[in-house]
Amino acid sequence: AAVGSEPGATEDAAAAADTDAAATTAAAEKPQANVDEHPYRQGAHLTVTWGAEKTPRLAEVIERAHRNPDDDDPAMQWNYYVHFLDFNRRMDEWITCDRIVEPPSVANKKAKDHPSAHPHHKPDVEEAGRSRRKKRKLEEEDEEGDGDKPT
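The structure displayed is predicted, hence computed values, not measured ones. (Residues numbered from 1 in each chain as written. Predicted model: local features only at pLDDT ≥ 70, side-chain atom pairs only at ≥ 80, totals over all residues. Heavy atoms only, no water.)

S.K.: Please give an account of the pairing of strand β1 (residues 45–50) that cites residues and values.
M.R.: Counting buried positions along β1 gives six out of six residues, so the element sits mostly inside the fold. Burial along β1 is two-sided: the residues His45, Thr47 and Thr49 and Leu46, Val48 and Trp50 are all buried. Relative to strand β2 (residues 55–66), β1 runs antiparallel, the two being bridged by six bridges. The residue of β2 that forms the bridge with histidine 45 is glutamate 60. (Buried < 20%, exposed > 50% of the residue type's maximum accessible area, 1.4 Å probe, protein only. Helix = DSSP H or I, 4+ residues; strand = E, 2+ residues; numbered from the N terminus. Pairing = 2+ DSSP bridges.)

S.K.: For the environment of alanine 75, give the residues involved together with the corresponding values.
M.R.: Relative to the helices and strands, alanine 75 resides in the loop between β2 and β3 (78–84). Here the alpha-carbon distance between alanine 75 and cysteine 97, two residues 22 residues apart in the chain, equals 6.0 Å. Contacts of alanine 75, omitting those with residues within four sequence positions, involve His38 and Cys97. (Contact = heavy atoms within 4.5 Å.)

S.K.: How would you sum up the sheet that holds β3? Please name residues and give values.
M.R.: Strands belonging to one sheet form pairs held by backbone hydrogen bonds; the direction of such a pair is parallel or antiparallel. Across the sheet, five strands lie side by side as β4-β3-β2-β1-β5; this open sheet has antiparallel pairing. The sheet is open, and its two borders are formed by β4 (93–96) and β5 (100–102), each paired with just one other strand. Averaged over all pairs of adjacent strands, the angle between strand axes in this sheet comes to 55°, irrespective of strand direction. Packing of helix α2 (residues 104–113) onto the sheet brings it into contact with β1, β2 and β5, and relative to β1 it is tilted by some 95°. (Axes fitted to C-alpha atoms, helices over the stretch in contact; angles between N-to-C directions.)

S.K.: Account for the pairing of β2, with residues named and values stated.
M.R.: Adjacent in sequence and paired antiparallel, β1 and β2 are bridged by four residues, among which glycine 51 carries a positive phi angle near 75°. Two elements, β2 and β3, share seven bridges in a ladder whose sense is antiparallel. By the bridge assignment, valine 61 is partnered in β3 with valine 82.

S.K.: Outline the pattern of salt bridges, supporting the account with residue identities and numerical values.
M.R.: With the rule as written, the count across this model stands at four salt bridges. In this structure, aspartate 86 and arginine 57 form a salt bridge, with 3.5 Å as the shortest nitrogen-oxygen distance. You can see aspartate 86 sitting in the loop between β3 and β4 and its partner arginine 57 sitting in strand β2, a full 29 residues away along the chain. Note on arginine 57: relative accessible area 25%, which makes it partly exposed. (Salt bridge = Lys/Arg side-chain N within 4 Å of Asp/Glu carboxyl O.)

Shown next, in the form of structure tokens:
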């Protein structure tokens, strides 16, 4: 035991810290009745202000951090690491709740219609590929047909 400390004080402090951490984790992982309650789930979509112009952009919650559990306002207790759907991952950043323009109940609906919601569906590329194949096939048929004509 350290000099000047009571026996068991170190264990009590460690147990209290573990209890606080467990409570924070439990609060963050409990099922939500309302998607607009903090903390927002990972994968939820938000509309967030971006850049100096503060333009509203659709973003996905990648990570969340409990920054001030003692604050009475649940919104001020959390920071969110977000990915802006229109931008490269280099632009991902931590945001505070004051930058959130629309909650998940609104933004999730917009995200379903966003082009990034279907990243593997590229109809223009597929159609262009079919056009080239058809063109090549027609050219081959045309060349074969030229050999049959008398000159």
